[in-house]
Amino acid sequence: MLRYTTFRILAAIPTLFLVTILVFFFIRLVPGDPAAVLVGDIQNIGRLEEVRRELGLDRSIPEQFFAWIGKIFQGDFGVSIMNQAPVLDTILDRFAVTAQVILIAVLFTTLIAVPAGMIAAWRQNRLTDNIIVVSTIAAMSVPSFWIGLTLILIFGIELGWLPAVGYVSLFEDFSRGAVYLIMPVAALVLGEVGGVLRMARASTIEIMRRDYITHARAKGLSEAAVLSRHAFPNAFAPTLTILGMIIGSLLGGAAVIETVFTLPGLGRLTIDAISSRDYPMVQGILLVVAVIYVLVNLITDLLYPLFDPRVKL
């Protein structure tokens, strides 16, 4: 286990280095001058040159890159051009909002999709299976932002049951924070539950055809015991991989839901940073998201043998 973990961490280093290169150079392909955004008056050439020197933009691209990498290793992600705040502190503050939404959504997605997928597999080609499969296809056909807008229209505006926009942290006021998170989490759950359910169903169908399932039934075990003790552990392993990928994809794609519900999360911060040509902020966000994505996949791989004993690390 320790050897495998060390190997995976070392293997992630080239990936992260490649990400830093791509992030640094691609953000500079975006049209616009951050110094001009900061100064405002582009006719003031002297002030523009002064701001470029302060931001280090008067140096060559390779010099800027290695200076940025050197500071990253010291834990210094730089200062935001937008608000002059430390980049890392701002990212961690906004990430707390995004993490609350994503983790709760993934938890509810798992609690709904895995049992439903197993029930669909157990009742394969019957009415229950057909209802679940059709519902899954319908859920997968609708994008999350449209679901979010529909929820706002029905529950926020027409019925007035839930706040249409806004955010309160769960750590400040749990009950009010939970109310504000209901619709964003519901939109993400409805958007992601279909893919997880289909994987859980397919994995369970494959497992239910194995000889040891037949043997368990021959011993007189109930169907609930067969599903929970013998089918679930092996069927959940492939689903776990999908859940890890969903966490990564939601981190990178949270901007849409955060914009719809005006959540002050990492996605909205990314959009604002790109619009302002805030190079340090964009580079910091993408690097943090890449590191988290690698860590989530590493944790997923380490958990895999717990559910599938055939996998040895």
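Right above here is the structure, for reference.
Residues numbered from 1 in each chain as written. Predicted model: local features only at pLDDT ≥ 70, side-chain atom pairs only at ≥ 80, totals over all residues. Heavy atoms only, no water.

Novice: What's the story with the layout of surface pockets in this structure? I'm lost.
Specialist: With a probe scaled to a water molecule rolled over the atoms, the places where space remains empty come into view. Looking at the largest pocket, its volume works out to about 500 Å³. Around the largest pocket, the lining is made up of 23 residues, and of these E54, L55, G56, K71 and P280 lie nearest the centre. Among the secondary structure elements, those contributing two or more residues to the lining of the largest pocket are helix 3 (45-55), helix 4 (61-73) and helix 12 (279-307). Counting residues per element, the lining of the largest pocket draws most heavily on helix 4, at 4 residues. Across the lining of the largest pocket, the residue classes break down as 12 nonpolar, 6 polar and 5 charged. In this model, the second largest pocket occupies a volume close to 320 Å³. Contributing elements (two or more residues each) for the lining of the second largest pocket: helix 1 (2-27), helix 4 and helix 12. Top element by residues in the lining of the second largest pocket is helix 1. It accounts for 4 residues. (1 Å grid on protein atoms, 1.4 Å probe; cavity = no way out; pocket = protein on both sides within 12 Å on 5 of 7 lines; lining within 4 Å. Points joined across faces, edges and corners; volume = space filled by probe spheres on them. Helix = DSSP H or I, 4+ residues; strand = E, 2+ residues; numbered from the N terminus. Nonpolar A, V, L, I, M, F, W, Y, C, P; charged D, E, K, R; others polar.)

Novice: Teacher, can you tell me more about the side chain of D129 here?
Specialist: Looking at the element boundaries, D129 is found in helix 6 (residues 127-140). Contacts of D129, omitting those with residues within four sequence positions, involve A120, R123, Q124 and R201. (Contact = heavy atoms within 4.5 Å.)

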